[in-house]
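For reference, the chains in residue letters:
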Amino acid sequence: MKIVNTPIEGVVEIYPSVFEDNRGYFFESFRKDQLEKNGIPTNWVQENQSFSKAGTVRGLHFQRKPFAQAKLVRVIQGKVLDIGVDLRKDSKTFGKVFSKILDTKDHNMLLLPEGFAHGFSVLEDAVFSYKCSEYYNKECEGGILWNDPELEIDWMVSSPILSEKDMQWPTLEAFRKLSKGGL
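Conventions adopted
- Residues numbered from 1 in each chain as written.
- Predicted model: local features only at pLDDT ≥ 70, side-chain atom pairs only at ≥ 80, totals over all residues.
- Heavy atoms only, no water.
- Salt bridge = Lys/Arg side-chain N within 4 Å of Asp/Glu carboxyl O.
- Helix = DSSP H or I, 4+ residues; strand = E, 2+ residues; numbered from the N terminus.
- Buried < 20%, exposed > 50% of the residue type's maximum accessible area, 1.4 Å probe, protein only.
- Core = buried A, V, L, I, M, F, W, Y, C linked by side-chain atoms within 4.5 Å.
- Contact = heavy atoms within 4.5 Å.
- Pairing = 2+ DSSP bridges.
- Polar contact = N/O pair within 3.5 Å; in protein donor to acceptor, adjacent residues only side chain to side chain.
- Phe/Tyr/Trp six-rings, centres within 6.5 Å; stacked < 30°, edge-to-face > 60°.
- Lys NZ or Arg CZ within 6 Å of the ring centre and 35° of its normal.

(A) The arrangement of the pattern of salt bridges in detail. One pass over the structure, following the stated rule, counts 11 salt bridges. Ionic pairing is found between Lys100 and Glu13, a salt bridge with its closest N-O pair at 3.1 Å. Residue Lys100 is located in strand β8 (residues 97–103), and its partner Glu13 is located in strand β2 (residues 12–15); the two are separated by 87 residues in the primary sequence. For Glu28, the salt bridge is made with Arg31, and the minimal N-O distance between the two is 3.4 Å. For Glu28, a relative accessible area of 36% gives the class partly exposed. Through salt bridges with shared partners, a single ionic network connects Glu28, Arg31 and Asp33.

Structure below.
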């Protein structure tokens, strides 16, 4: 397993060791000891899976305390552009965006710590899976407007398919004011 730190503290890329032969492939998608050895939390309490059609944009979502979630995300089938936005109040990288293509070619994963908004755009029909460090709680749910100009996110889709809810979230600036500086 290869662990790669990113320019945003706490955001980590994970590349499993993949063993391929004429039958297909095998890899360990979760290995507690390897992750903990690299300082990655492993107290996952919930795992979610979604299927999305190409062109779908989901996000940008987060959970407030006491149900703030770290997420370990991966693609089981297809390809997505995964997005994390730092919303940590005292972070040097508040408002910064990290993006990474996750796909079934690399089988790569991304760890987003608590305090991040998360979203993804679907570049090929995709089955998406993510482990969460805390349970989902509707009252603690929040979000940032997916196409906020301040974030300058290139979602890599021309006509995004969105939920009504994802079109209604506040901008980063409005969130900053409402939250008194962040999560």
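(B) Local environment of the nonpolar core. Among the nonpolar cores identified, the biggest contains 17 residues, and Leu60, Val85, Leu87 and Ile144 are the most heavily contacted of them. Listed by contribution, the elements that provide at least two residues to this core are β6 (57–63), β7 (71–86) and α2 (172–178). Not counting chain neighbours up to four residues away, the residues in contact with Leu87 comprise Phe62, Phe94, Gly115, Phe116, Ala117, Ile144, Leu172, Phe175, Gly182 and Leu183. Among the nonpolar cores identified, the runner-up in size contains 14 residues, and Val75, Phe98, Phe120 and Ala126 belong to it.

(C) Quick look at the pairing of β2. Judged by which residues are buried, β2 turns out to be covered on both faces: Val12 and Ile14 on one side and Glu13 and Tyr15 on the other are all buried. Following strand β1 (residues 2–5), the chain reverses through six residues before pairing antiparallel with β2; Gly10 in that reversal takes a positive phi of roughly 95°. Bridge count between β2 and strand β9 (residues 109–112): three bridges; the pairing is antiparallel. Counted as the bridge partner of Ile14 is Met109 from β9.

(D) Structural context of the side chain of Asp166. Checked against the element boundaries, Asp166 lands in the loop between β11 (141–143) and α2. Here Gly59 takes part through its backbone nitrogen, which lies 3.0 Å from a polar atom of the side chain of Asp166. In terms of polar contacts, Asp166 uses its side chain to reach the side chain of His61, at 2.6 Å. Leaving out residues up to four positions away in the same chain, Asp166 has contacts with Val57, Arg58, Gly59, His61, Leu145 and Trp146.

(E) Structural view of the packing of aromatic side chains. Within this structure, the stated rule accounts for five aromatic pairs. Summarising the aromatic geometry, the rings of Tyr25 and Phe27 are spaced 5.9 Å apart at their centres and angled 20° between planes, so their arrangement reads as stacked. With relative accessibility at 47%, the residue Tyr25 sits in the partly exposed group. When the ring of Phe128 is compared with that of Tyr130, the centres are 5.8 Å apart and the planes differ by 50°; the resulting orientation is tilted. For Phe128, a relative accessible area of 1% puts it in the buried group. Within the aromatic cluster, the residues linked to one another by ring pairs are Phe120, Phe128 and Tyr130. Its end group placed over the ring of Tyr15, Lys2 keeps NZ or CZ at 5.9 Å from the ring centre.

(F) The arrangement of the environment of Glu28 in detail. As for its placement among the helices and strands, Glu28 is situated in the loop between β4 (24–26) and α1 (32–37). Excluding its chain neighbours within four sequence positions, the residues that come into contact with Glu28 are Met1 and Pro16. Side-chain polar atoms of Glu28 contact the side chain of Arg31, separated by 3.4 Å.

(G) Fine view of the environment of Phe175. Mapped onto the elements of the fold, Phe175 is located in helix α2. Taking relative accessible area as the criterion, Phe175 reaches 3% and is therefore assigned buried. Taking the C-alpha atoms as reference, Phe175 lies 9.2 Å from Leu87; in sequence the two are 88 residues apart.

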